[in-house]
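Listed below, chain by chain, are the residues.
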Amino acid sequence: MAIIEKRKNPEKNEKLIEVFGLNVRKYRLERNMTQKDLADLCEVDTITISRIERNISNTTISTIAIIANALGATAAQLLEE
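Bear in mind the structure is a predicted one, so any value in this text is a computation, not a measurement.

This part is about helix 4 (residues 61–71). Within helix 4, the full set of buried residues consists of Thr-63, Ile-64, Ile-67, Ala-68 and Leu-71. What you see down the axis of helix 4 is that its buried residues fit within an arc of 135°, all on one side. For helix 4, the exposed residues set more than 90 degrees away from the buried face come down to Ile-61 and Asn-69. Looking at the residues trailing helix 4, positive phi occurs at Gly-72, about 70°.

Structure below.
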């Protein structure tokens, strides 16, 4: 049985994290929401939203879906360049 080597591309991951954070901020501001408003809707801490928007946090798929729903967007829209 062959061992499959996991390949990581941190540059690609960083770009995706950045795009997601920028889109979360853009959609939030378009809806005149504060970070606290969004955090409350998503049932997460305000610091979580702040870290996402500042590209510090690599979030889970579940959280992406929750944020997208709260912003009236799709996950795909939040991940789109």
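The subject of this paragraph is helix 2 (residues 35–42). Regarding helix 2, the residues found buried are Leu-38, Ala-39 and Cys-42. The arc that holds the buried residues of helix 2, viewed along the axis, is 100°, so those residues lie on one side. Once helix 2 ends, the next one or two residues include Glu-43, with phi positive near 60°.

Turning our eyes to something else, we now look at the packing of helix 2 against helix 4. Packed helices, taken two at a time, are described by their axes: the angle between them and the distance between them. As a packed pair, helix 2 and helix 4 sit with axes 9 Å apart at the nearest point and diverge in direction by 115°. Between helix 2 and helix 4 the crossing geometry is right-handed. Along its contact with helix 2, which presents Leu-38, Leu-41 and Cys-42, the element helix 4 presents Ile-66, Ile-67, Ala-70 and Leu-71. The class makeup of the residues in the contact of helix 2 with helix 4 is seven nonpolar, no polar and no charged.

Cut-offs and rules
- Residues numbered from 1 in each chain as written.
- Predicted model: local features only at pLDDT ≥ 70, side-chain atom pairs only at ≥ 80, totals over all residues.
- Heavy atoms only, no water.
- Buried < 20%, exposed > 50% of the residue type's maximum accessible area, 1.4 Å probe, protein only.
- Helix = DSSP H or I, 4+ residues; strand = E, 2+ residues; numbered from the N terminus.
- Arc of directions from axis to C-beta.
- Axes fitted to C-alpha atoms, helices over the stretch in contact; angles between N-to-C directions.
- Left-handed = near helix turned anticlockwise from the far one by under 90°.
- Contact = heavy atoms within 4.5 Å.
- Nonpolar A, V, L, I, M, F, W, Y, C, P; charged D, E, K, R; others polar.

None of this, on its own, says anything about what the molecule does.
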